[in-house]
Amino acid sequence: MTEAASHTGRVRVHYGMAGSVPLQLFEFVFEPTGCYVLDCGAFTPLFDLSRGKHTRRAAALDDVYDEHGLDGLLAVADTTTWLPWETVDCVTLNDGSRFTRPKLSVQTRGDAPAWSVRLHGVDTTALADGIAGVVDGATRFEHVERTRLF
């Protein structure tokens, strides 16, 4: 699920998961001057994932964004990282395969952290168009489309 609003110059990438135990829920918000990375909670496989807590949290984040916009998301995130485009080396969107989910990676320069998440419920073609429009040459953007069966 993504929201691409060209009138605001903003693309929100919703419901990204990273890690193993615990899994982390992430939101990304791409803006003309940089990217917000919002860590929105940790979930354990046995107690949280099996009970759908991550899905409920993602839906709650949608509600917060609908009611309060970016400011609301920034307020409810566990941690927020702002990455100006000067610190970002490359943004990569991979369509995934038959057996893997799409993947979004934000590679950084220097000591800034890098981020890589698997996306749930996303139209990668629309997302790629949205991110490319916002990034618009400020940093390198690559869309890796699925070319094989696997």
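To be clear, the structure that these remarks concern was listed above.
Residues numbered from 1 in each chain as written. Predicted model: local features only at pLDDT ≥ 70, side-chain atom pairs only at ≥ 80, totals over all residues. Heavy atoms only, no water.

### Some thoughts on unusual backbone geometry
Step number 1: Its identity as a non-glycine residue notwithstanding, Y15 has a phi of 65 degrees, on the positive side.
Step number 2: With respect to the secondary-structure elements, Y15 resides in strand β2 (residues 10-19).
Step number 3: Judged by relative accessible area, which is 8%, Y15 ranks as buried.
Step number 4: Positive phi, normally seen in glycine, also occurs at D136, with a value near 40 degrees. (Helix = DSSP H or I, 4+ residues; strand = E, 2+ residues; numbered from the N terminus. Buried < 20%, exposed > 50% of the residue type's maximum accessible area, 1.4 Å probe, protein only.)

### Considering the packing of aromatic side chains
Step number 1: Across all of its chains, the model carries five aromatic pairs by this definition.
Step number 2: Here the aromatic rings of F28 and F30 are separated by 6.4 Å at their centres, their planes lie at 15 degrees, and the arrangement is stacked.
Step number 3: By relative accessible area, which is 1% here, F28 ends up buried.
Step number 4: Ring geometry for F30 against W85: centres 6.2 Å apart, planes inclined by 10 degrees, an arrangement best described as stacked. Of this pair, F30 sits in strand β3 (residues 23-31) while W85 sits in the loop between β5 (79-84) and β6 (88-94), and the two are 55 residues apart along the sequence.
Step number 5: Assessed through its relative accessible area of 3%, W85 is described here as buried.
Step number 6: By the ring-pair criterion, three or more aromatic residues cluster together here, those being F26, F28, F30, W85 and W115.
Step number 7: Sitting over the face of the ring of Y65, R12 holds its NZ or CZ atom 4.6 Å from the ring centroid. (Phe/Tyr/Trp six-rings, centres within 6.5 Å; stacked < 30°, edge-to-face > 60°. Lys NZ or Arg CZ within 6 Å of the ring centre and 35° of its normal.)

### Some points on helix α2 (residues 53-76)
Two residues of an α-helix separated by three or four positions point the same way, owing to the 3.6 residues in each turn.
Step number 1: The terminal C-alpha atoms of α2, which comprises 24 residues, lie only 16 Å apart, well short of the 34 Å expected from a rise of 1.5 Å per residue.
Step number 2: For α2, the principal kink sits at H68 and spans about 130 degrees.
Step number 3: For α2, the set of buried residues is H54, A58, L61, D62, V64, Y65, L70, G72 and L73. (Expected span 1.5 Å × (residues − 1). Bend = angle between axes of the 7 residues up to and from the residue.)

### Considerations on the side chain of T124
Step number 1: Examined against the element boundaries, T124 turns out to sit in helix α3 (residues 124-135).
Step number 2: The buried category is assigned to T124, whose relative accessible area is 11%.
Step number 3: Side chain to side chain, T124 and D95 meet in a polar contact 2.8 Å long.
Step number 4: When residues no more than four places from it in sequence are discounted, the contact partners of T124 are L93, D95, P102 and H143. (Polar contact = N/O pair within 3.5 Å; in protein donor to acceptor, adjacent residues only side chain to side chain. Contact = heavy atoms within 4.5 Å.)

### Describing the nonpolar core
Step number 1: By size, the foremost hydrophobic cluster in this structure holds 24 residues, and its most contacted members are F28, F30, L104 and I131.
Step number 2: Where this core is concerned, the elements lending two or more residues are β2, β3, β4 (34-43), β6, β7 (103-108), β8 (115-119) and α3.
Step number 3: With five residues, the top contributor of residues to this core is α3.
Step number 4: Residue contacts for F28: discarding those within four places in its chain leaves V11, R12, V13, C35, Y36, V37, L104, V106, W115 and V117.
Step number 5: One finds L23, Y36, C40 and A77 within the second-largest nonpolar core, a separate group that totals 16 residues. (Core = buried A, V, L, I, M, F, W, Y, C linked by side-chain atoms within 4.5 Å.)

### Focus on the pattern of salt bridges
Step number 1: Tallied over the entire structure, the rule returns six salt bridges.
Step number 2: We note a salt bridge from R10 to E31, for which the minimum N-O separation is 2.6 Å. One end of the pair, R10, is in strand β2; the other, E31, is in strand β3, and 21 residues separate them in sequence.
Step number 3: Note that R12 is salt-bridged to E27, the shortest N-O span being 2.8 Å. Highlighted residues: R12 in strand β2 and E27 in strand β3, separated in sequence by 15 residues. (Salt bridge = Lys/Arg side-chain N within 4 Å of Asp/Glu carboxyl O.)

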